[in-house]
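Here is what each chain is made of, one letter per residue.
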Amino acid sequence: MLSYSFLLDRLPAPAELHGAVAEVFGVSPAGVYVGAMYEDAGGPPATVSCTYLDLEGGEFRWRFDLGADDTVTGPAEPEAAAALCRRFGLRALLPTDDSDEWWRLITADEDRRVAVDLDELNEDRYVLA
Amino acid sequence: MTPKPRGPHGNGGDGNGGDGDGTPGKPGDGDGSGSPAKKYGDIDAGKGVTSAHEAIKKRADAGRPGGADAPAQPTVDPNVPGPAGKIQLRPPSDRHQLNRVTPKSPAKAENTIILPETRDAVRQDIADIQAGRARWDPDSNSYVTDSGRRYKVESNGTVFPVDGPGFVQLNRSEYKALQALIRFNGDVDAATASVARDPSIPPESFDKAGEVYQHYKK
């Protein structure tokens, strides 16, 4: 079971995301669910779920979660984020486990640790320091 | 154990000072008209507007880490080992305070939650660390207090809770389940349905999340 959660600076059109997620995880588009976070009306689990939430501010204003069942073995979170960044020209911000300040910035061209503004973080806004 | 389902609006307050005695006020209460002044928790309207505002602010700050009731923060002492000897410490990010968790924070692989009943102890821990009354472990870049709680320190002095009594570790699925419970005010059925299509949040994720939710807004 894969469970990813990171931030994007921009949200691609859901229909485009649907195809891209299927391609990145190598599953049939019929097994992919794309929708707003916490607005799932119920139903059987998808093979890959892709949900998003508008944080209404900050440099990275979209929370973006991916979840996959046990039939899906990859890619890992950074590689999945990088594939979406390349496909849509996005910037992604991935959390690290041992710090609220240091995150992993992934773009089509780079992958590096960056610091976020901790005061903004308390307001659920993700802004690079 | 899963929390008892509640209605979608069963937990209205935001915990920022609105948890007084629940007595609604009326226009004119305590306004010098000769009737006894109304008391709202520890806010005595008979003591004047300024006093009431100060009391309200104190109560609001008390809900925040490092608020009005926080122990006096010692000054930076360069003899204290580790970052506490170089910088003024700040309370942990809101994402760790159970009463301030929102559905907006991305879930990490491991998420440390501070239970509300440990909030005051964390304030004391921070004061103890700043004063040099905690053990600095250079190998893990963390402090361990007498309470057994372990903390790291970010570059701006913000304390990062790691583990110990009163802290709960949630994995990514459990943290997402907790966020869904918070989003739906503890309504387990609504929360579960809202993530039903996500295979990474199986129903059993709500077991531990539900136990933690029992402490929410307490």
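Up top you'll find the structure we're talking about.
What counts and what doesn't
- Residues numbered from 1 in each chain as written.
- Chains lettered and ligands numbered in written order.
- Predicted model: local features only at pLDDT ≥ 70, side-chain atom pairs only at ≥ 80, totals over all residues.
- Helix = DSSP H or I, 4+ residues; strand = E, 2+ residues; numbered from the N terminus.
- Buried ≥ 20, exposed ≤ 12 C-beta atoms within 10 Å, placed from the backbone.
- Contact = placed C-beta atoms within 7 Å.
- Pairing = 2+ DSSP bridges.
- Axes fitted to C-alpha atoms, helices over the stretch in contact; angles between N-to-C directions.
- Nonpolar A, V, L, I, M, F, W, Y, C, P; charged D, E, K, R; others polar.
- Core = buried A, V, L, I, M, F, W, Y, C linked by C-beta atoms within 7 Å.
- Expected span 1.5 Å × (residues − 1).
- Parallel < 35°, antiparallel > 145°, perpendicular 65-115°, else oblique.
- Left-handed = near helix turned anticlockwise from the far one by under 90°.

Asker: What is the right way to read the overall build of chain A from this model?
Answerer: When you go through chain A residue by residue, the secondary structure sums to three helices and seven strands. Oriented by its inertia axes, the alpha-carbon framework of chain A measures out at about 40 × 30 × 25 Å. Counting the 129 residues in chain A, one finds 40% classified as buried. The long-range share in chain A, meaning contacts at least 24 apart out of those at least 6 apart in sequence, stands at 44%.

Asker: What is the right way to read the sheet that holds strand 4 (residues 135-137) of chain B from this model?
Answerer: Adjacent strands of a sheet form backbone hydrogen bonds with each other and so pair up, either parallel or antiparallel. All names here are of chain B. One open sheet holds the four strands; their spatial order is 4-5-6-7, and the pairing between them is antiparallel. The open sheet has two edge strands, strand 4 and strand 7 (159-163), and neither has a second partner. Taken pair by pair, the neighbouring strands of this sheet meet at an average axis angle of 30 degrees, ignoring direction.

Asker: What exactly am I supposed to notice about the interface of chain A and chain B here?
Answerer: As a measure of interface size, the accessible area lost when the parts come together is often cited. Contacts between the two partners involve 32 residues from chain A, matched on the other side by 31 residues from chain B. Broken down by secondary-structure element, the contributors of at least two residues to the side of chain A that touches chain B are strand 1 (2-8), strand 3 (48-54), strand 4 (62-68), strand 6 (99-106) and helix 3 (118-121) of chain A. Considering each element in turn, the side of chain A that touches chain B owes the most residues, five residues, to strand 1 of chain A. Here the residues of the side of chain A that touches chain B are counted per class, giving 14 nonpolar, nine polar and nine charged.

Asker: Quick question: what am I supposed to make of the nonpolar core here?
Answerer: Soluble globular proteins tend to pack their nonpolar side chains together in the buried interior. In this structure, F6, L7, V48, A81, A92 and L93 of chain A are the most contacted members of the largest nonpolar core, which totals 37 residues. Those elements that place two or more of their residues in this core are strand 1, helix 1 (14-25), strand 2 (32-36), strand 3, strand 4, helix 2 (77-88), strand 5 (92-96) and strand 6 of chain A. If sequence neighbours within four positions are ignored, L93 of chain A has contacts with F6, L7, F60, W103, L105 and Y126 of chain A. With 32 residues, the next largest nonpolar core counts V122, V159, L170 and V212 of chain B among its residues.

Asker: Would you take a moment to explain unusual backbone geometry for this structure?
Answerer: Across residues other than glycine, the phi torsion is negative in most instances, and most of the peptide bonds are trans. The amide bond that connects G74 of chain A to the next residue, P75 of chain A, takes the cis arrangement and shows omega of 5 degrees. Relative to the elements of secondary structure, P75 of chain A occurs in the loop between strand 4 and helix 2. The backbone phi angle of Y38 of chain A is positive, close to 65 degrees, even though this residue is not glycine. Residues other than glycine seldom take positive phi values, yet N141 of chain B does so here, at roughly 50 degrees.

Asker: How should helix 3 (residues 172-183) of chain B be read in this particular structure?
Answerer: Think of an α-helix as 3.6 residues a turn; residues three or four steps apart then line up on the same face. A rise of 1.5 Å per residue sets the reference length of helix 3 of chain B, with its twelve residues, at 16 Å; its end C-alpha atoms lie 16 Å apart and thus fit the reference within 8%. For helix 3 of chain B, the full list of buried residues reads R172, S173, E174, Y175, K176, A177, L178, Q179, A180, L181, I182 and R183 of chain B. In this structure, the buried side of helix 3 of chain B is in contact with strand 1 of chain A together with strand 3 (110-114), strand 8 (167-171), helix 4 (188-194) and helix 5 (205-213) of chain B.

Asker: What's the story with the environment of A121 of chain B in this structure? I'm lost.
Answerer: Residues and elements named next belong to chain B. If you trace the backbone, A121 turns up in helix 2 (residues 119-130). In this structure A121 comes out as partly exposed when scored by C-beta crowding, with 17 C-beta atoms within 10 Å. Remark: the alpha-carbon pair of A121 and Q97, spanning 24 residues in sequence, is separated by 13 Å. Apart from residues lying up to four places away in sequence, A121 is in contact with S147 and G166.

Asker: I'm lost on the sheet that holds strand 2 of chain A in this one. Help?
Answerer: Residue and element names in this part refer to chain A. Within the open sheet, the seven strands sit side by side as 2-3-4-1-5-6-7. Their pairing is mixed. Of all the strands in the sheet, the pair left with one neighbour each is strand 2 and strand 7 (111-115). Adjacent strand axes in the sheet meet at a mean angle of 30 degrees when their direction is disregarded. In this structure, strand 5 lies alongside strand 6, joined through five bridges in antiparallel fashion. When the sheet's bridge partners are listed, L93 is paired in strand 6 with L105.

Asker: Any chance you could explain the packing of helix 3 of chain B against helix 5 of chain B here in plain terms?
Answerer: The packing of two helices is summarised by the inter-axis angle and the distance between the axes. Residue and element names in this part refer to chain B. At a minimum axis separation of 8 Å, helix 3 and helix 5 run at an interaxial angle of 55 degrees. Classed by the angle they form, the pair helix 3 and helix 5 counts as oblique. You can see that helix 3 and helix 5 cross each other, and the crossing is right-handed. Of the residues in helix 5, those in contact with S173, E174, A177, L178 and L181 of helix 3 are S205, F206, K208, A209, G210, V212 and Y213. Partitioned by chemical class, the residues of the contact of helix 3 with helix 5 number seven nonpolar, three polar and two charged.

Asker: How should the pairing of strand 3 of chain A be read in this particular structure?
Answerer: Regular strands have side chains that alternate between both faces of the sheet. All names here are of chain A. Counted residue by residue, strand 3 has five buried out of seven residues, so it is predominantly covered. Here five bridges tie strand 2 to strand 3, and the two strands are oriented parallel to one another. Counterpart to Y33 in the pairing with strand 3 is S49. Two elements, strand 3 and strand 4, share seven bridges in a ladder whose sense is antiparallel. Counterpart to Y52 in the pairing with strand 4 is F64.

Asker: Just to check I follow, could you spell out helix 2 of chain A for this structure?
Answerer: All names here are of chain A. Taking 1.5 Å of rise per residue, the twelve residues of helix 2 would be expected to cover 16 Å, and the 17 Å separating its terminal C-alpha atoms lies within 8% of that figure. Every buried residue of helix 2 is listed here: E77, A80, A81, A82, L84 and C85. Check the buried side of helix 2 and you find it contacts strand 1, helix 1, strand 4, strand 5, strand 6 and strand 7.

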